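# Coordinate inspection notes
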Amino acid sequence: MNPQAKLIFIISLFLGTTITISSNHWVMAWTGLEINTLAILPLISKSHHPRAVEAATKYFLVQATASTLVLFSSMTNAWYTGQWDITQLTHPTSSLILTAAISMKLGLAPFHFWFPEVLQGSPLTTGLLLSTVMKFPPITLLFMTSQSLNPSLLTILAILSVAMGGWMGLNQTQTRKIMAFSSIAHLGWMTIILIYYPKLTLLNFYLYAMMTAAVFLTLNSMKVLKLSTLMTAWAKAPSLSTILLLTLLSLAGLPPLTGFLPKWLIIQELTKQDMAPAAMIISLLSLLGLFFYLRLAYCATITLPPHTTNHMKQWHINKPINPSIAVLTTLSIMLLPISPMLATLV
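Just so it is clear, the structure is predicted and the values come from calculations on it, not from any experiment.

A word on the nonpolar core. Side chains of nonpolar character tend, in soluble globular proteins, to be buried together. Counting 102 residues, the largest nonpolar core has Ile40, Ile44, Tyr59, Leu130, Leu141, Ile192 and Leu230 as the members making the most contacts within it. Three or more residues apiece are contributed to this core by two domains, here domain 1 (1-143) and domain 2 (150-345). Contact partners of Leu230, with chain neighbours within four places excluded, come to Met222, Val224, Leu244, Leu296, Cys299 and Ala300.

You can see Leu296 is positioned in helix H15 (residues 276-301). Leu296 sits in the buried class, given a relative accessible area of 4%. The spacing of Leu296 and Ile19 is 277 residues in sequence and 37 Å in space, taken between C-alpha atoms.

Let us look at the packing of aromatic side chains. Per the counting criterion, the structure on display carries eight aromatic pairs. A centroid spacing of 5.4 Å and a plane angle of 70 degrees characterise the contact between Trp114 and Phe115, whose relative ring orientation is edge-to-face. We classify Trp114 as buried; its relative accessible area is 9%. When its relative accessible area of 1% is taken as the criterion, Phe115 is described as buried. With centroids separated by 5.5 Å and ring planes inclined at 10 degrees, the aromatic side chains of Phe136 and Phe205 adopt a geometry described as stacked. Of this pair, Phe136 sits in helix H7 (residues 136-144) while Phe205 sits in helix H10 (residues 198-222), and the two are 69 residues apart along the sequence. When its relative accessible area of 4% is taken as the criterion, Phe205 is described as buried.

Let us now look at the side chain of Ser332. Turning to its location among the elements, Ser332 is positioned in helix H16 (residues 323-334). Residue classification places Ser332 among the buried positions, given a relative accessible area of 0%.

With 18 residues, helix H9 (residues 175-192) extends 26 Å between its outermost C-alpha atoms, agreeing within 8% with the 26 Å of an ideal straight helix rising 1.5 Å per residue. H9 sits mainly inside the fold: 18 of its 18 residues count as buried.

Once that is clear, we can look at unusual backbone geometry. Across the junction of Ala109 and Pro110, the peptide omega takes the value 5 degrees, indicating a cis bond. Relative to the helices and strands, Pro110 resides in the loop between helix H4 (92-106) and helix H5 (114-120). Pro255 connects to Pro256 through a cis peptide bond whose omega is 5 degrees. Within the secondary structure layout, Pro256 lies in the loop between helix H13 (238-252) and helix H14 (260-272). Of note in this structure, Lys223 is not a glycine but carries a positive phi near 55 degrees. Relative to the elements of secondary structure, Lys223 occurs in the loop between H10 and helix H11 (227-230). Residue Lys223 is classed as exposed on the basis of its relative accessible area of 57%. Even without glycine at this site, Asp274 takes up a positive phi of about 60 degrees. Position of Asp274 relative to the elements: it lies in the loop between H14 and H15.

Below, the discussion takes up the domain arrangement of the chain. What the domain assignment lists for the chain is domain 1 (1-143) and domain 2 (150-345). Computed from C-alpha coordinates alone, the two centres of domain 1 and domain 2 are separated by 23 Å. Between domain 1 and domain 2, the contact holds 28 residues from the first and 36 residues from the second. Between domain 1 and domain 2 the total buried area reaches about 2,800 Å² when both faces are included, carbon and sulfur atoms providing 80% of it. Three residues, Gln120, Leu124 and Phe143, lead the burial of domain 1 against domain 2; their summed loss comes to 25% of the area buried on that side. Across the domain 1-domain 2 interface, the total number found is one salt bridge. We note a salt bridge from Lys177 to Glu117, for which the minimum N-O separation is 3.4 Å.

Our next topic: the packing of H9 against H14. Two elements in contact, H9 and H14, have axes separated by 10 Å at closest approach and are oriented at 40 degrees. Regarding H9 and H14, the two cross each other, and that crossing is left-handed. Between H9 and H14, the residues in contact are His186, Trp189 and Ile192 and Lys263, Ile266, Ile267 and Leu270, respectively. When the residues that make up the contact of H9 with H14 are grouped by side-chain class, the tally is five nonpolar, one polar and one charged.

Calculation rules
- For every chain, the first residue of the written sequence is number 1, and numbering continues from 1 onward in sequence order.
- Under the rules for a predicted model, residues below a pLDDT of 70 receive no local features and side-chain atom pairs below 80 are neither given nor counted, while totals for whole chains, interfaces and linings still include all residues.
- Heavy atoms throughout the structure, all of them, feed into the side-chain values; hydrogens and water do not.
- Throughout this description, the term nonpolar core refers to a set of buried Ala, Val, Leu, Ile, Met, Phe, Trp, Tyr and Cys residues connected via side-chain atoms within 4.5 Å.
- Note on exposure labels: buried denotes an accessible area under 20% of the residue type's maximum, exposed denotes more than 50%, and partly exposed covers the range between, all computed with a 1.4 Å probe on protein chains only.
- The domain boundaries here were taken from an automatic or database domain assignment.
- Contact criterion: two residues are considered in contact whenever any of their non-hydrogen atoms come within 4.5 Å of each other.
- Counting from the N terminus, the helices are the DSSP runs of H or I reaching at least four residues and the strands are the DSSP runs of E reaching at least two.
- In summary, the pairing rule links any two rings of Phe, Tyr or Trp, Trp by its six-membered ring, whose centres are within 6.5 Å, and it sorts them by plane angle into stacked for under 30 degrees, edge-to-face for over 60 and tilted for everything else.
- A helix is expected to span 1.5 Å for every residue after the first.
- Defined in terms of a 1.4 Å probe, buried area is the accessible area two parts forfeit on being brought together, summed over both.
- The salt bridge definition used is simple: a Lys or Arg side-chain nitrogen within 4 Å of an Asp or Glu carboxyl oxygen.
- Lines are fitted to the C-alpha atoms to define the axes, a helix being fitted only along its stretch in contact, and any angle between axes, read from their N-to-C directions, falls within 0 to 180 degrees.
- Each crossing gets its hand from how the near helix is turned against the far one by less than a right angle, where anticlockwise is left-handed and clockwise is right-handed.
- All residues other than Ala, Val, Leu, Ile, Met, Phe, Trp, Tyr, Cys, Pro, Asp, Glu, Lys and Arg, Gly among them, are scored as polar; the first ten of these are nonpolar and the last four charged.

Right under this line is the structure:
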C-alpha cells in the first residue's frame, strides 16, 4: 500500500475516534463511527487476497447495520424526548436498540460471529487496530449512556460473551482467531461492570488494549499466524517467545501479573452490588479462556525441538526487540503492585 494513502487512513481512523469520544450530539458521534469504518476498510483489504476482501465486506455490512441502528435509536429518543444529547438517552426502546447496535459494533455475543472471521482475514497490524482502537468509540458511547441501559440485559450479554469467547476459542489453531475470541471474552468482563462502576470498564479496556497490543506486536515480529509455526519459534526468537508467554498469562488474568487487576476489582465490585452469583459464573467461565491461553503459552515455550511438527528448524535471529514491545510487555506484567494507585485513579 502507498505510504501516503496509509498515513491518510490512519489519521482518519484517529480523527473518527476523536470525534466520537468528544461529541455530545448523536449525529456527531455517528459521523465519527462512519469515518472510522471507512478508514479501516482499505487497511483490512490491502493484501487483495480473496479472504481479505471477504473480511472487509463482512466488516462493512455489520458496521453499516450497527451504525443505522445507532442513528435509529437516537432519532427515536429525539422523537419522544426532544433531546439529541448522548447522555439524555431516556426512552427504554431507544436504550434497547442502542445496546444491540453497540453490541454489534463491539462483537459482543450473540452478535459476535463476524469478528473472528474479519480478524482472520486481516493482517496482524490491522487486527491490532480492530481489537483495540476500533473498540474505543463504541465503549465510550456505552460509558456515556450507562445510566440509561438495562442492567439485566447487559449482565446476560456479558456472561454469554465470556462463555462464547471461552468455548469457541478452545479448538482454534489460528492465532488471530484465538485473539478474536479472547477479545470477545474480555468485552464480557467490561460489560458486566458497566452499569455499577463505569470507570472500571474503562480501566479494564485500557489494560486489555495494552496487553493485546503486546501480544499482536510480538506475533507480528515472529511472523506467527498459526500454532504449528509458533511451535518452532523458540529456536528462532527465544526472547520474544518468553515475552509472549508472560503476556498471554497476563491476558489470562493470572496473579501476580497486570491482567489479574481488572478481574479482581470487577469481582470485588460485583460482590458489593449483591451479584455474587454473576461474579462466580463469570469467574468459572474465564477458566475456559485460561485453557487456550495456556495452550498458546505451551506451544510458544515448552514444545522445544526436536518434536513431531514437520517444520524445518529456523535460524536464530539476533535482531533487537522492538522498544514498543519491551515497554508494553513490562506494563503488561508489572502493574499489579501499583493497583491501589490505579484504583484511586478510577
